[in-house]
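Summary of the model geometry
The chain contents come next:
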Amino acid sequence: QVQLVESGGGLVQAGGSLRLSCAASGRTFSTYAMGWFRQAPGKEREFAAAITWSGGSSFYADSVKGRFTISRDTAKNTVYLQMNSLKPEDTAVYYCAAKADYLGSYYHDNQYDNWGQGTQVTGSS
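From a predicted model like this one, the values you see are computed outputs, not experimental measurements. (Residues numbered from 1 in each chain as written. Predicted model: local features only at pLDDT ≥ 70, side-chain atom pairs only at ≥ 80, totals over all residues. Heavy atoms only, no water.)

1. What to know about the environment of Q1
Structurally, Q1 is set in the segment before β1 (3-7). Note on Q1: relative accessible area 67%, which makes it exposed. Between the alpha carbons of Q1 and T28 there is a distance of 8.0 Å; along the sequence they are 27 residues apart. Setting aside residues up to four positions removed in sequence, Q1 forms contacts with S25, G26, Y32, D113 and N114. (Helix = DSSP H or I, 4+ residues; strand = E, 2+ residues; numbered from the N terminus. Buried < 20%, exposed > 50% of the residue type's maximum accessible area, 1.4 Å probe, protein only. Contact = heavy atoms within 4.5 Å.)

This is the structure we're talking about:
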């Protein structure tokens, strides 16, 4: 099991940037694929980005591609989501998640079995 704690959310004007962090505890962090999901008010949780255990590959939803970048620092047991050119429609609670890298899809939240508590991101117009 991996325990996850997100931070870095906040209020930002359209076009601005934020960097979310997800600190993980547990000796096996380096073996997990990591994902960021988000849930806007009244909507289902959706995939935003994911990265493999090695950091060698990353995956993005079309809605964030070219604006968001996921990365990981294994030495710090931390995964990041750099969000640039934020839009009001990026407003959501952002969740960090972890899964065994060799199991299932990176894109579906039901494949992840470790979740953080979420951090609020609000993009103002």
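2. As for the confidence of the model for the chain
Averaged over all residues, the pLDDT of the chain is 94; the fraction at 70 or higher stands at 100%. Summarising per-element confidence for the chain, the mean pLDDT is lowest in strand β11 (residues 119-124) (94) and highest in strand β5 (residues 46-51) (98). (pLDDT = per-residue confidence, 0-100.)

3. Description of the side chain of D101
Turning to its location among the elements, D101 is positioned in the loop between β9 (92-100) and β10 (114-115). For the buried D101, no salt bridge is present, and the opposite-charge side chain at shortest range is K99, 4.7 Å distant. At 2.4 Å, the side chain of D101 and the side chain of Y106 are in polar contact. Contact partners of D101, with chain neighbours within four places excluded, come to T31, A33, T52, W53 and Y106. (Lys, Arg positive; Asp, Glu negative; His and termini not counted. Salt bridge = Lys/Arg side-chain N within 4 Å of Asp/Glu carboxyl O. Polar contact = N/O pair within 3.5 Å; in protein donor to acceptor, adjacent residues only side chain to side chain.)

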